[in-house]
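# Topology and contacts: notes
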Amino acid sequence: RGKKAFIAGIADDQGFGWAIAKALAEAGAEISLGVWVPALNIFESSYRRGKFDASRKLSNGSLMEFAKVYPMDAVYDTPEEVPEDVSSNKRYAAAGDLGFTVSDVARNVEKDFGKIDVLVHSLANGPEVTKPLLETSRKGYLMAVSASAYSYVSMLQRFGPIMNPGGAAVSLTYLASEKIIPGYGGGMSSAKAALESDTRVLAYEAGRKYQLRVNTISAGPLGSRAAKAIGFIDDMIKYSYANAPIQKELEAREVGNAAAFLLSPMASAVTGATIYVDNGLNAMGLAPD
Ligand code: NAI
């Protein structure tokens, strides 16, 4: 039986979410997506116009298909807590009765597919990411943690009950959680620290309760849309090239492959882990030259 996967956090073919989808598709999984509501129109129209066709190509020559695409906003857990200005916004209102909160999406996925096996969280948002922590507002900080860390907790709360025992979840984190990365601000470093700590606690709780494994991948720099918004991604890629043990640019595909491993029975004893997929940069203590 092919595995059923749900991936939150794809809005184009440039990020880690897409690469994970591809690796899972290569492994025969049936994939559904949760796409951030403000990004949904452009994603669907680009998809229809064939903009992603080249990157949809699988090794057997066929094109990757998505079983279903759901509008989603991972900062809301239930319809009751969506503020009026959001629910009346044209793009959000378009979701109609099906909704877009984490609990709505989990319910819709279960209705359409029954129980699933694989859960992927490949999303982050920090409105003040370009600000140093010393200048970050409480609101900006809490928004970063809400969108980028609590969203994983919320997803496991609501998808855990609709996952088959033996299933697995993975998210994406970044070295800034544990080492100083100047420029990764706005509480995003704090959010990644929370995400990694939560990965351990969720591994225990969801392991005991649902027999699920919960891991996170600490990825090296990639020029995705989200990363470009931070502003210094090209410098990070150059820094990694100059200083990491493996001198090459990180490909999203490499993270996709590591995720496919973590989400497969090959990793049946791996849980609660932060796995580095970063050409080894995390292991360096001092720049070599
Ligand atoms: P991306 O732009 O492809 O993915 C981020 C996604 O999050 C976008 O599709 C966006 O629509 C979605 N999103 C934002 N707010 C949302 C919300 N409230 N609800 C639902 N979806 C929402 O960029 P990327 O870089 O692939 O990001 C994926 C993950 O990888 C993130 O957790 C990021 O922090 C992490 N990461 C990225 C690195 C990089 O250098 N690009 C390095 C290490 C980790």
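So, here's what we can say about the structure.

Cut-offs and rules
- Starting from 1, residues in each chain are numbered consecutively following that chain's sequence as written.
- For this predicted model, a pLDDT threshold of at least 70 governs which residues receive local features, and a threshold of 80 or more governs which side-chain atom pairs are given and counted, while totals over whole chains, interfaces and linings are taken from all residues.
- The side-chain numbers reported here are obtained from all heavy atoms of the structure, hydrogens and water having been left aside.
- Throughout this description, the term nonpolar core refers to a set of buried Ala, Val, Leu, Ile, Met, Phe, Trp, Tyr and Cys residues connected via side-chain atoms within 4.5 Å.
- Burial classes: relative accessible area under 20% of the type maximum marks a residue as buried, over 50% as exposed, and values in between as partly exposed (1.4 Å probe, protein chains only).
- Working definition: helices are DSSP H or I runs of at least four residues, strands are E runs of at least two. Numbering for both runs from the N terminus.
- Residues are treated as being in contact if the distance between any of their heavy atoms lies within 4.5 Å.
- Patch membership needs two things, relative accessible area over 30% and no salt bridge, and members are linked within 9 Å if like-charged or within 5 Å if nonpolar (Val, Leu, Ile, Met, Phe, Trp, Tyr).
- Values of accessible area rely on a 1.4 Å probe in the Shrake-Rupley scheme; residue burial ignores everything except the protein chains shown.
- The term salt bridge refers to a pairing of a side-chain nitrogen on Lys or Arg with a carboxyl oxygen on Asp or Glu at a separation within 4 Å.
- Pairing between strands requires that DSSP locate at least two bridges from one strand to the other.
- Axes here refer to lines fitted to C-alpha atoms; in helices the fit is confined to the stretch in contact. Angles between the N-to-C directions go from 0 to 180 degrees.
- Given the number of residues in a helix, its expected span is that number minus one, multiplied by 1.5 Å.
- Our arc is simply the arc of the directions from the helix axis toward the C-beta atoms.

## A short note on the nonpolar core
If you look at soluble globular proteins, the nonpolar side chains tend to sit buried side by side. Ranked by internal contacts, the top residues of the largest apolar core, which has 41 residues, are Leu-24, Ile-31, Phe-43, Phe-66, Ile-217 and Leu-263. Of all the secondary structure elements, the ones that give two or more residues to this core are β1 (4-8), α1 (16-26), β2 (30-36), α2 (37-48), β4 (116-121), β5 (163-173), β6 (213-219) and α11 (252-262). Among the elements that take part in this core, α1 stands out by supplying 8 residues, more than any other. With residues near it in sequence (within four places) discarded, Ile-31 still touches Ala-5, Ile-7, Ala-21, Leu-24, Ala-25, Glu-65, Phe-66, Ala-67 and Lys-68. Of all hydrophobic cores here, the second largest spans 29 residues; its members include Tyr-70, Val-109, Phe-159 and Met-163.

## Concerning a nonpolar patch on the surface
Residues Leu-133, Tyr-141 and Leu-142 make up a contiguous nonpolar surface patch of about 290 Å² in total accessible area. Within the secondary structure, Leu-142 is located in helix α7 (residues 138-159). Residue classification places Leu-142 among the partly exposed positions, given a relative accessible area of 48%.

## Quick look at the sheet that holds β2
Taken in spatial order, the 7 strands line up as β3-β2-β1-β4-β5-β6-β7 in an open sheet, and their pairing is parallel. The open sheet has two edge strands, β3 (68-72) and β7 (274-277), and neither has a second partner. This sheet shows a mean twist of 20 degrees between the axes of neighbouring strands, independent of strand direction. Two strands pair when backbone bridges link them, and β2 and β3 are joined in this way by 5 bridges, in the parallel orientation. The residue bridging Trp-36 from the neighbouring strand is Met-72, located in β3. Contacts from α2 reach β2 and β3, with the element oriented near 120 degrees to β2. Against the sheet, α11 makes contact with β5, β6 and β7, and its axis sits at roughly 165 degrees relative to β6, the strand it touches most.

## Notes on the pattern of salt bridges
One pass over the structure, following the stated rule, counts 9 salt bridges. In this structure, Asp-77 engages Arg-158 in a salt bridge whose closest nitrogen and oxygen atoms are separated by 3.9 Å. Here Arg-158 lies in helix α7 and Asp-77 lies in the loop between β3 and α4 (84-87), a separation of 81 residues in the sequence. By relative accessible area, Asp-77 is classed as buried at 12%. Close ionic contact of Glu-254 with Lys-248 constitutes a salt bridge, the shortest N to O distance being 2.6 Å. Taken together, the salt bridges that share partners define one network made up of Asp-53, Arg-56 and Glu-65.

## As for α2
Given 3.6 residues per turn, any residue in an α-helix points the same way as the ones three and four places further on. End to end, α2 covers 17 Å across 12 residues, agreeing with the expected 16 Å (1.5 Å per residue, within 8%). Taken as a whole, α2 has its buried residues at Val-37, Ala-39, Leu-40, Phe-43, Ser-46 and Tyr-47. One side of α2 carries all its buried residues, which in axial view fall inside an arc of 150 degrees. Buried residues in α2 make contact with α1, β2, α3 (53-56), β3 and α5 (90-93). Looking one or two residues beyond α2, the residue adopting positive phi is Gly-50, at roughly 85 degrees.

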